[in-house]
Amino acid sequence: MTGGPNDGEARTGTATDGDVLVSVRDLERTYRGGVEALRGVSFDVRRGSRFGIVGESGSGKSTVVRLLAALDRPTGGSVTFDGTRIDHLRDRDLGFLRKRLQIVFQDPMGSLDPRMRVRDIISEPLGRARGRDERVAELLDAVGLPGDAGRKYPHQFSGGQRQRISIARALAPRPEVLIADEAVSALDVLVRKQILDLLDRLAGEFSLTMVFVSHDLGVVRRVCDEVAVMRRGEIVEQGPVADVYDAPRSEYTRSLVAAAPTLETVLSEKE
Ligand code: ADP
Ligand code: MG
């Protein structure tokens, strides 16, 4: 691990592959009413890597995501983005993060304004920047949507296509980090595979660092290099995907892996 989060040196453009881009330490989040959603979570996401977070519904995954994106504040611990503590920054000081880190959520209908045309949805994060139309065309092409998609509205697309629109919008500000929170969970298995392959390709093409969150172990196995397994607000195990899936150390991970079909199995059963 190079350059700890608190070494105080501003990084220049020569960062070596694999340095820590996002780091959380002893993260706690207790919601009003006393729900301890996170009880001391620590992990590092290295630049250019694909970091998976798996765990049952309610284990705290989306809470982690909101804290990584500074959409919420921890009740304990720290979140560091490229050497800067972001967990207690005020909204007006978070502009840099909003550009550099983007999230794709599960439900595109909930995050796409039904009254806006696709081109305006995609270019909204760009403000009034020049070259917007060209950028929209580029993004539509990158996510595999036809050029005339920009003139249409979200309801005119299928679930998978709407997720492509969300991805195009997330990529518009040229983020370094893309977080996918159950981004393919609502899609049927064939479309799920297509969107995963798309994310996989885009991650390479745009040198993205990905944080891939899913209750579906098969999905994370397909796209990630490293994985953290969460249970009741804690990480029970983390490491390279091959180690965690093929030789799980905790009984809990073992039971999750045993219960989870791989995406390949599910696909072959459909044939
Ligand atoms: P996951 O994404 O793994 O399903 P979440 O992070 O959404 O889990 O939720 C973790 C726990 O925190 C759950 O028990 C959930 O009910 C609770 N929780 C999530 N958000 C809130 C909130 N805004 N207020 C109170 N409890 C919450
Ligand atoms: Mg969630």
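As a starting point, this report considers the structure included with it. Please read all numbers here as calculations on a predicted model, not as lab measurements.

## Some details on unusual backbone geometry
Glycine aside, the phi torsion of most residues is negative, and most peptide linkages are trans.
And step 1. Non-glycine residue alanine 70 carries a positive phi angle of around 55°.
And step 2. Checked against the element boundaries, alanine 70 lands in the loop between helix 1 (61-68) and strand 4 (76-81).
And step 3. Relative accessible area serves as the criterion here: at 3%, alanine 70 is assigned to the buried category.
And step 4. Residues other than glycine seldom take positive phi values, yet serine 207 does so here, at roughly 50°.
And step 5. Along the chain, serine 207 turns up in the loop between helix 7 (189-205) and strand 8 (209-214).
And step 6. Since its relative accessible area comes to 59%, serine 207 is described here as exposed.

## Quick notes on the nonpolar core
And step 1. Residues Ile122, Ile165, Ile167, Phe212 and Tyr245 are the most contacted members of the largest nonpolar core, which totals 48 residues.
And step 2. Broken down by element, this core gets its largest block of residues, six residues, from helix 7.
And step 3. Those residues within four positions of isoleucine 165 in sequence are excluded, and the remaining contacts are Leu112, Val118, Ile121, Ile122, Leu145 and Phe157.
And step 4. In terms of nonpolar packing, the next biggest core, distinct from the first, is built from 29 residues, Val65, Leu68, Ala69 and Leu101 among them.

## Structural notes on the sheet that holds strand 10 (residues 234-240)
And step 1. Judged by pairing direction, the sheet is mixed, and its six strands sit side by side in the order 6-7-8-3-9-10 without closing on themselves. Edge positions in the sheet fall to strand 6 (101-104) and strand 10, since each of these pairs with one other strand and no more. With strand direction ignored, the average angle separating the axes of adjacent strands in the sheet is 15°.
And step 2. Note that strand 6 and strand 7 (residues 177-181) share four bridges and pair parallel.

## Brief notes about the pattern of salt bridges
And step 1. Going through the model one piece at a time under the given rule, you end up with 23 salt bridges.
And step 2. A salt bridge links arginine 100 to glutamate 176; the nearest nitrogen and oxygen atoms lie 2.5 Å apart. Of this pair, arginine 100 sits in helix 2 (residues 95-100) while glutamate 176 sits in the loop between helix 6 (159-171) and strand 7, placing them 76 residues apart in sequence.
And step 3. Look at arginine 100 and you get partly exposed, because its relative accessible area is 23%.
And step 4. The class of glutamate 176 is partly exposed, set by a relative accessible area of 25%.
And step 5. For arginine 169, the salt bridge goes to glutamate 124, with nearest N and O atoms at 2.9 Å. Taken as a pair, arginine 169 in helix 6 and glutamate 124 in the loop between helix 4 (118-123) and helix 5 (132-142) lie far apart in primary sequence, 45 residues in all.
And step 6. The exposure class of arginine 169 is partly exposed, given its relative accessible area of 26%.

## Observations concerning helix 10 (residues 251-259)
And step 1. Here helix 10 has its buried residues at Tyr252, Thr253, Leu256 and Val257. Taken end-on, helix 10 shows its buried residues confined to a sector of 130°, consistent with a single buried face. Helix 10 presents Glu251, Ala258 and Ala259 as exposed residues on the side facing more than 90 degrees away from its buried surface.

What counts and how
Residues numbered from 1 in each chain as written. Chains lettered and ligands numbered in written order. Predicted model: local features only at pLDDT ≥ 70, side-chain atom pairs only at ≥ 80, totals over all residues. Heavy atoms only, no water. Helix = DSSP H or I, 4+ residues; strand = E, 2+ residues; numbered from the N terminus. Buried < 20%, exposed > 50% of the residue type's maximum accessible area, 1.4 Å probe, protein only. Core = buried A, V, L, I, M, F, W, Y, C linked by side-chain atoms within 4.5 Å. Contact = heavy atoms within 4.5 Å. Pairing = 2+ DSSP bridges. Axes fitted to C-alpha atoms, helices over the stretch in contact; angles between N-to-C directions. Salt bridge = Lys/Arg side-chain N within 4 Å of Asp/Glu carboxyl O. Arc of directions from axis to C-beta.

In short, the description is geometric, and any link to function would need to be established separately.
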